[in-house]
Amino acid sequence: MAVDFTANFTMTIDGRAVESPATLQIVNPATEEVIATPPDATREQLDLAVASSRRAFAGWSATPIAQRQAAVASLAKALIANIDGLSQLLTREQGKPLSAARAEIKASAYWLAEFAKIDLPVETIEDSDTALVQVRHVPVGVVGGIVPWNFPLTLAIWKVAPALVSGNTLLLKPSPFTPLTTLKFGEIARDLLPPGVLNVISGGDALGPWMSAHADIDKISFTGSTPTGRRVMESASKNLKRLTLELGGNDAAIVMPDVDVDKLAQTLFWGAFANSSQFCLAIKRLYVHEAVYDRLAAAFVKIGQAVKLGDGMAEGTMLGPIQNRVQYERLKGLLEDSKTNGHQFLLGGELPAGKGYFFPVTLIDNPPDDSRIVREEPFGPILPMLKFSNTDDAVARANDSEFGLGASVWAGDYQQGLAIAKRLQAGTVWVNQIHALSPHVPLAGHKQSGLGVENGVHGLLEYTMPQTLSVKKI
Ligand code: NAD
C-alpha cells in the first residue's frame, strides 16, 4: 500500500499502527509552522511495546542469521523505493536541504545493505581430540534505541541494522523534535519484519528516561549529548543494562603549514559547516599554522559569503535553519558571549529577521583558548579559527578537552600528518580527509564522547554477549 508521507503519523507496535491520546507538535524550523501532530506515547504504550519486543525476541533470535540479514537488506530496498516521500518529509521536519535529505536516505539504505553482509564471528580457542572450546556471540535481548535530531534516520539505522542482524529486537525512539521520518520508516517496515521485531514509538521528554530505567529492556543504544548520556548511564544501572553511548564532540582540526590552502579550503569549510554544523563529528575547533592562517581565513570568508542559507525545500539552498528553537537560543547565547568578550568576527554574527531559525555562517578570529566558543560544543555554524606556531602546542591544545570523538590533521606530508594523528586523543582521527564514515569502519568516542562502538564488526558485537562453549569430547 502506498504510504502517505504528509499525514497519518502512527507508531508501530507489534506490527500494527498505534495512535495515542496525547500528541506532539512538530514544527518546520524554516517556517515555524506546525506540520504534524504525531503520537506522544503513554507509559502503558511503552510497556505494551516492550512486551511485544520481548515476545518477538524468542523467534527472531532463533531465526538463522542469513534470514535476518535478508530482512535487513529488504529494508534497504524499501527506503530507496520511498526516497522521494521520505526525503521531502525529512527536509520539512529537520530543515536540511532536500539534496542532503536524499543523501541521508541513501546513506541509511547503504548502511542496511552493507550490515546485511556482516556475519557474527565464532572464535575457536581449542579444537583437539579431547576438547572443543569456542566463543560465539549471542544477542542481548530487547534493545532500546534513542536517537537525536541532527541525522534522524541515519542515526536510527545505525542501531536498526546491527541490532536486527545480530538477533535482538529493537524498540526505537526518535527525538521529539524529529520523529516523522522514523515513524514512516516504521510503517514501511511493518510488512517486512515479523511483528515486534522493530517497534517505533514517539513521545516527549518523559519517554527517554522511562526507557533507560525500564526493567525489561536489556540494552540502551543512545546517541545524543554528553549530559543526557550521563543520565542514561545512571538509570541503566538499575538492571545493569548494556550500554552504547555515542555522545558529543568538540573535534579539532590541525592544519600544517605545507598544505595547499586553495585545494583544501572547500573540504575544510564543509567539514565544519555541513548540516549547519549540527554534526557530532563537525570540525568545531580549527587550529591553523600561522604561516597559512590568513590565507585560509580569507578563503573561508569567500566561501562563507557565497553560501545560500534558506528553506531546505527551496532550489539552491546550501544550508538550512537550526533544527529547533532551544538549540537556536543556545547558539544565540554563545554568539552574545563572544560579542561581550570582544572577539573579532571574520564573518557573520548578525541574525536575519523574520520567520525560521536561520543562523548564518559565523567565523571567529583567534578567540582565547578558555572562551566558551572554544571549550563548549556549539552544534551550530559558529567556528573559532585558532592560530598556532608550534606543533606540540597545537597537539596539546587539541587534546585539552573533555571530549574525544573525532579529529583531523591536514599536512602536505601525510607521514607527518599520521605521526601527529597518533598523538591526538580521539576515537577517529582522519588525515587529509574528513567524515570518511563507513558501515565497515568502527566509530568510538573517547573520554566523555562516549562508551562503546558503532559500525563495523566491533559495532555489531556491541549488540551481543560472548558465550563460551567448553566441550569435553568423551
Ligand atoms: P539530547 O541528548 O538532548 O537528546 C537525544 C535523545 O535522548 C532524544 O531522543 C531525547 O528525547 C532523548 N533523551 C533526553 N533526555 C533523556 C533521558 N534523560 N534519558 C533518555 N533519553 C533522553 O541530544 P540532541 O540535542 O538531540 O542531539 C545533539 C547531541 O547529540 C550533540 O551533543 C551531538 O554531538 C550528539 N550526537 C552525537 C553523535 C555521535 O555519534 N557521537 C551523533 C549525533 C549527535
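Quantities reported herein were computed from a predicted structural model and do not represent experimental measurements.

*Asks:* Got a minute to help me understand the environment of G427 in this structure?
*Replies:* Tracing the backbone through its elements, the reader meets G427 in the loop between α14 (414-421) and β21 (428-431). Taking relative accessible area as the criterion, G427 reaches 28% and is therefore assigned partly exposed. G427 sits 26 residues away from V453 along the chain, and the two C-alpha atoms are 9.2 Å apart. Leaving out residues up to four positions away in the same chain, G427 has contacts with G404, L405, A444 and H446.

*Asks:* Could you clarify how one ought to interpret the domain arrangement of the protein in this entry?
*Replies:* As a measure of interface size, the accessible area lost when the parts come together is often cited. Each assigned domain of the protein is listed with its residue range as follows: domain 1 (11-247 + 449-471) and domain 2 (252-438). Computed over C-alpha atoms only, the centres of domain 1 and domain 2 are separated by 30 Å. Between domain 1 and domain 2, the contact holds 27 residues from the first and 29 residues from the second. The largest contributions to the domain 1 side of the interface with domain 2 come from E32, W149 and S449, which together make up 25% of the buried area. If you look at where domain 1 meets domain 2, you find two salt bridges. Of the charged contacts in the structure, one is a salt bridge between R230 and E402, with a shortest N-O distance of 3.9 Å. The interface formed by domain 1 and domain 2 holds 11 residue pairs in polar contact (both at pLDDT 80 or more) in total. Elements with a contribution of two residues or more to the side of domain 1 that touches domain 2: α3 (83-94), α4 (98-115) and α8 (226-236). Its residues assigned to classes, the side of domain 1 that touches domain 2 shows 11 nonpolar, 10 polar and six charged.

Conventions we followed
- Residues numbered from 1 in each chain as written.
- Predicted model: local features only at pLDDT ≥ 70, side-chain atom pairs only at ≥ 80, totals over all residues.
- Heavy atoms only, no water.
- Helix = DSSP H or I, 4+ residues; strand = E, 2+ residues; numbered from the N terminus.
- Buried < 20%, exposed > 50% of the residue type's maximum accessible area, 1.4 Å probe, protein only.
- Contact = heavy atoms within 4.5 Å.
- Domains from an automatic or database assignment.
- Buried area = accessible area lost by both parts, 1.4 Å probe.
- Salt bridge = Lys/Arg side-chain N within 4 Å of Asp/Glu carboxyl O.
- Polar contact = N/O pair within 3.5 Å; in protein donor to acceptor, adjacent residues only side chain to side chain.
- Nonpolar A, V, L, I, M, F, W, Y, C, P; charged D, E, K, R; others polar.

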